[in-house]
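Here is what each chain is made of, one letter per residue.
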Amino acid sequence: MIILKKLLVGFLLTLFLSTCLITGCTPARKPAPRPTKTAPTPTDRTKMTPDKQRADRIAREATQIKGVRKTVVVVSGKTAFIGLDLETREGAASKRVKDQVARRVTTAEPSLKTVNVTADPDLVTRLRKVADGINKGKPVSSFSRELSEIGRRIEPKMR
């Protein structure tokens, strides 16, 4: 009986030690790395360009004018293209609102050399497409031909 106990204890001790050796010899697992913030993509950077910030400021200024419902603004260097959705399309009233917008924008953004203001629905739609492209990350330079054509069709309000 004592021999049986000694054999059982020896067997259990051997089993315990071999288990410890097997599991103790495996390399420790490193924890999975935590995800880090990624660098901003080109699209993220273009959303915060100075021209985009200026365009947002100009749009806020223009929509404060009585008679303006919505605006779309594209800024390229020292030139601003402003498309207006007006409450009324009457000739004299429309011209008055466009002049007020031009004056207010040139006062708010003195660095602009040329301010182009239009209420023509076709030109406003074209400006909206350019602005959407810029918001999606395309550079303003890729729209230079379109902007120059729009600029030719608008009577510019210069400083």
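Along each chain, residues carry numbers from 1 onward, in the same order as the chain's sequence is written. In keeping with the model being predicted, local features are shown solely for residues with a pLDDT of at least 70 and side-chain atom pairs are shown and tallied solely at 80 or more, while totals for entire chains, interfaces and linings include all residues. Side-chain figures throughout are based on the complete set of non-hydrogen atoms in the structure, without hydrogens or water.

Some details on the nonpolar core
- Counting 20 residues, the largest nonpolar core has Ile-58, Ile-82, Leu-84 and Val-101 as its most contacted members.
- For this core, the secondary-structure elements that each account for two or more residues are helix H3 (50–63), strand E1 (68–76), strand E2 (79–86), helix H4 (91–108) and strand E3 (114–118).
- Contacts: residue pairs with any heavy atoms within 4.5 Å of one another. Among residues more than four places away in sequence, those in contact with Ile-58 are Val-73, Val-75, Ala-80, Ile-82, Val-105, Glu-109 and Leu-112.
- The term nonpolar core refers to a set of buried residues drawn from Ala, Val, Leu, Ile, Met, Phe, Trp, Tyr and Cys, joined through side-chain atoms within 4.5 Å. Three labels apply to residues, based on accessible area from a 1.4 Å probe with only protein chains included: buried if under 20% of the type maximum, exposed if over 50%, partly exposed otherwise in between. Val-72, Val-130, Ile-134 and Val-140 belong to the second largest nonpolar core, which has 14 residues in total. Elements are defined by DSSP. Helices are runs of H or I of four residues or more, strands are runs of E of two residues or more, and each kind is numbered from the N terminus.

A word on a positive patch on the surface
- A contiguous patch of positive charge, built from Arg-69, Lys-70, Arg-89 and Arg-128, is present on the exposed surface.
- Mapped onto the secondary structure, Arg-128 falls in helix H5 (residues 121–135). For patches, a residue must show more than 30% relative accessible area and have no salt bridge; joins then use 9 Å for like charges and 5 Å for nonpolar side chains, namely Val, Leu, Ile, Met, Phe, Trp and Tyr. Here the accessible surface of atoms and residues is derived via Shrake-Rupley with a 1.4 Å probe, and residues count as covered only by protein chains that are part of the display. We define a salt bridge as a contact between a side-chain nitrogen of Lys or Arg and a carboxyl oxygen of Asp or Glu at a distance within 4 Å. Residues scored as charged are limited to Lys and Arg (positive) and Asp and Glu (negative), so that His and the chain ends carry no count. A charge is said to be at NZ when it belongs to Lys, at CZ for Arg, at CG for Asp and at CD for Glu.

Digging into the pairing of E1
- Two strands qualify as a pair provided DSSP detects at least 2 bridges between them. Where E1 lies against E2, eight bridges are found, and the strand directions are antiparallel. Bridge assignment links Thr-71 to a residue of E2, and that residue is Leu-84.
- What sits between E1 and E2 in their antiparallel hairpin is a turn of two residues, with Gly-77 showing a positive phi close to 65°.

Side note on the layout of surface pockets
- Each pocket or cavity is described by its volume, and for the largest pocket that value is around 320 Å³.
- Lining residues are those with an atom within 4 Å of a point, where the points come from a 1 Å grid over the protein atoms alone and group into cavities, where a 1.4 Å probe fits but cannot get out, or pockets, open sets with protein on both sides within 12 Å along at least five of seven lines. In terms of lining, the largest pocket is formed by 20 residues, of which the most central are Lys-52, Ala-55, Val-73, Ala-131 and Asn-135.
- Elements represented by at least two residues in the lining of the largest pocket include exactly H3, E1 and H5.
- Tallied by class, the residues present in the lining of the largest pocket amount to 10 nonpolar, four polar and six charged. Grid points are joined across faces, edges and corners, and a volume is the space filled by probe spheres set on the points. Amino acid classes used here: Ala, Val, Leu, Ile, Met, Phe, Trp, Tyr, Cys and Pro are nonpolar; Asp, Glu, Lys and Arg are charged; the rest, including Gly, are polar.

Re H4
- In a regular helix each residue adds 1.5 Å, so 18 residues correspond to 26 Å; H4 covers 26 Å between its end C-alpha atoms and thus fits that length.
- Listed as buried for H4 are Ala-93, Ser-94, Val-97, Val-101, Ala-102, Val-105 and Thr-106. By this rule the span expected of a helix is its residue count minus one, scaled by 1.5 Å.

Some points on the pattern of salt bridges
- Under the counting rule described, the total for this entry stands at nine salt bridges.
- Between Lys-52 and Asp-56 there is a salt bridge; the shortest N-O distance is 2.9 Å. Within this pair, Lys-52 and its partner Asp-56 are both found in helix H3, separated by four residues, close to a single helical turn.
- Assessed through its relative accessible area of 21%, Lys-52 is described here as partly exposed.
- Here Glu-149 ties to Arg-152 by a salt bridge, and the two come within 2.9 Å at their closest N and O atoms. Of this pair, Glu-149 and Arg-152 both sit in helix H6 (residues 144–153), three residues apart, roughly one helical turn.
- Judged by relative accessible area, Glu-149 falls into the partly exposed class, the value being 29%.
- In this structure, a network of salt bridges that share partners links the residues Asp-51, Arg-54, Arg-57 and Glu-109.

Focus: the side chain of Ser-94
- For Ser-94, the location among the structural elements is in helix H4.
- Dropping the residues within four chain positions of it, Ser-94 is found in contact with Leu-86, Arg-89 and Ala-119.

Examining H6
- Where H6 is concerned, the buried positions are Leu-147, Ile-150 and Gly-151. Viewed end-on, H6 has its buried residues packed into an arc of 100°, placing them on one side of the element. Summarising the geometry of H6, the exposed residues directed more than 90 degrees from the buried face are Arg-145 and Arg-152.
- On its buried face, H6 sits against E1, E2 and H5. To obtain the arc, one takes the directions from the helix axis to the C-beta atoms.

Regarding the side chain of Arg-54
- By the secondary structure assignment, Arg-54 is in helix H3.
- Taking relative accessible area as the criterion, Arg-54 reaches 13% and is therefore assigned buried.
- Within 3.5 Å is the distance limit for a polar contact, defined as a pair of N or O atoms, with the added protein rule that one can donate a hydrogen and the other accept it, and that residues adjacent in sequence qualify only through two side-chain atoms. Within the structure, the side chain of Arg-54 is placed 3.1 Å from the backbone oxygen of Gly-77, a separation counted as a polar contact.
- Excluding anything up to four places from it in sequence, Arg-54 contacts Val-75, Gly-77, Lys-78, Glu-109, Ser-111 and Leu-112.

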